[in-house]
Amino acid sequence: AGGPWEECFEAAVQLALRAGQIIRKALTEDKHVSTKTSAADLVTETDHLVEDLIISELQKRFPSHRFIAEEATASGAKCVLTSSPTWIIDPIDGTCNFVHRFPTVAVSIGFAVHQELEFGVIHHCTEERLYTGRRGQGAFCNGQRLQVSRETDLSKALVLTEIGSKRDPATLRLFLSNMERLLHAKAHGVRVIGSSTLALCHLASGAADAYYQFGLHCWDLAAATVIIREAGGIVMDTSGGPLDLMSCRVVAAGTRELAMLIAQALQTINYGRDDEK
Ligand code: IPD
């Protein structure tokens, strides 16, 4: 039983695989790189190509559906989640890695109906790993069921985070002081791999115990949230309250206890919202 969105899920899998092939090939070729909101916020012709491919194919098959996607938003499209079936797409997550040929690059496709996330598909392009999660049906990587770690103790945890694209002094100070707080609390380690979605997939796989970030976007989070929840994990706001997909901040962990410990340890500043740009 595939559920009501089976056809959409199958389309997402096919397109994530196709997009992955394009990205893998482009990884070793010359690229035209432009910057967006900061010197570290990069985009290439492949980001645009892949996003256009995914959206045009989905639009043909599901003409009434809506889309939120990274490069369309960068070009001024509004980023609002209505109750209509909505695809939330990051064509290349880890664009900076992609530009440098650092092989941690993914395609992320999430799908929400009535503002509830129904499924997520994330393709780790260079390792050919396909992560999927469907609400009520579990999370998998290449067909193998995913299970988060049961760690509750911050002093035994491996924690992942990402820097985000802002580079102003206040943002950098906050990033470094939050990392210092977690290391001071004796976390085993804090890792930055350059792709929010793949870091979140590591958490879903039990390869890390927790994740937090300020300044990520709904397309970094949508697909991964379903995968983590279906692997038994928790995804919440940095305040310890419920996740707000548009709030540009997140704490996730295998257990609620660990997520709460991290939420309590973090300092915050205002990063803005995706739906207020
Ligand atoms: C970014 C990456 C990066 C994270 C940013 C994301 P992009 O996505 O995941 O690691 O720090 O917050 O926006 O721009 O490569 O799709």
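Scroll up to find the structure this text is about.
Below you will find a few notes about this structure. Computed from a predicted model, the values in this text were never measured in an experiment. (Residues numbered from 1 in each chain as written. Predicted model: local features only at pLDDT ≥ 70, side-chain atom pairs only at ≥ 80, totals over all residues. Heavy atoms only, no water.)

**What about the sheet that holds strand S4 (residues 86-93)?**
Hydrogen bonds between backbone groups are what pair the strands of a sheet, and the pairing can be parallel or antiparallel. The strand order S3-S4-S5-S6-S7-S8-S9 describes an open sheet built from seven strands, whose pairing is mixed. Edge positions in the open sheet fall to strand S3 (66-69) and strand S9 (144-145), since each of these has one partner strand only. With six bridges joining them, S4 and strand S5 (residues 106-113) adopt antiparallel strand pairing. Its bridge partner lying in S5, Thr86 is registered against Ala112. Contacts from helix H2 (residues 45-61) reach S3, S4 and S5 within the one sheet, and its direction differs from that of S4 by about 155°. (Pairing = 2+ DSSP bridges. Helix = DSSP H or I, 4+ residues; strand = E, 2+ residues; numbered from the N terminus. Contact = heavy atoms within 4.5 Å. Axes fitted to C-alpha atoms, helices over the stretch in contact; angles between N-to-C directions.)

**Details of helix H8 (residues 256-265)**
Restricting attention to buried positions, one finds in H8 the residues Leu258, Ala259, Ile262, Ala263 and Ala265. For H8, the angular spread of the buried residues around the axis is 165°, confining them to a single face. Residues of H8 that are buried make contact with strand S10 (158-161), helix H5 (169-184), strand S12 (210-214), strand S13 (234-236) and strand S14 (249-253). (Buried < 20%, exposed > 50% of the residue type's maximum accessible area, 1.4 Å probe, protein only. Arc of directions from axis to C-beta.)

**Notes on the site of the ligand**
Taken together, 17 residues lie near the ligand, and Asp93, Gly94, Thr95, Glu162 and Gln213 sit nearest. The contact in question runs from an oxygen atom of the ligand to an N or O atom on the side chain of Asp93, over 2.7 Å. Ser196 has a polar backbone atom sitting 2.9 Å from an oxygen atom of the ligand. Relative to its unbound accessible surface of 380 Å², the ligand loses 89% to contact with the protein. If you tally residues by element for the shell around the ligand, the top one is S4, at three residues. Per-class residue counts for the shell around the ligand are three nonpolar, nine polar and five charged. (Near = heavy atom within 4 Å. Polar contact = N/O pair within 3.5 Å; in protein donor to acceptor, adjacent residues only side chain to side chain. Areas by Shrake-Rupley, 256 points an atom, 1.4 Å probe, with all protein chains shown as cover. Nonpolar A, V, L, I, M, F, W, Y, C, P; charged D, E, K, R; others polar.)

**Things to note about the packing of aromatic side chains**
The final tally for this structure, using the stated rule, is seven aromatic pairs. On the basis of an interplanar angle of 80° and a centroid distance of 5.5 Å, the ring pair of Phe9 and Phe119 is categorised as edge-to-face. On the criterion of sequence distance, the pair formed by Phe9 in helix H1 (residues 6-27) and Phe119 in strand S6 (residues 116-124) is long-range, its members being 110 residues apart. Among the residues examined, Phe9 registers a relative accessible area of 7% and is labelled buried. Residue Phe119 is classed as buried on the basis of its relative accessible area of 2%. With a centroid separation of 5.4 Å and 15° between ring planes, the pair formed by Phe214 and Tyr271 is classed as stacked. Linking Phe214 in strand S12 with Tyr271 in the segment after H8, this pair joins segments that are 57 residues apart in sequence. An identical accessibility class is assigned to Phe214 and Tyr271; each is buried. Within the aromatic cluster, the residues linked to one another by ring pairs are Trp5, Phe9, Phe62, Trp87, Phe111 and Phe119. Lying over the aromatic face of Phe98, Lys31 brings its terminal NZ or CZ to 5.0 Å of the ring centre. Note that Arg134 overlies the ring of Phe9, its terminal NZ or CZ placed 3.8 Å from the centroid. (Phe/Tyr/Trp six-rings, centres within 6.5 Å; stacked < 30°, edge-to-face > 60°. Lys NZ or Arg CZ within 6 Å of the ring centre and 35° of its normal.)

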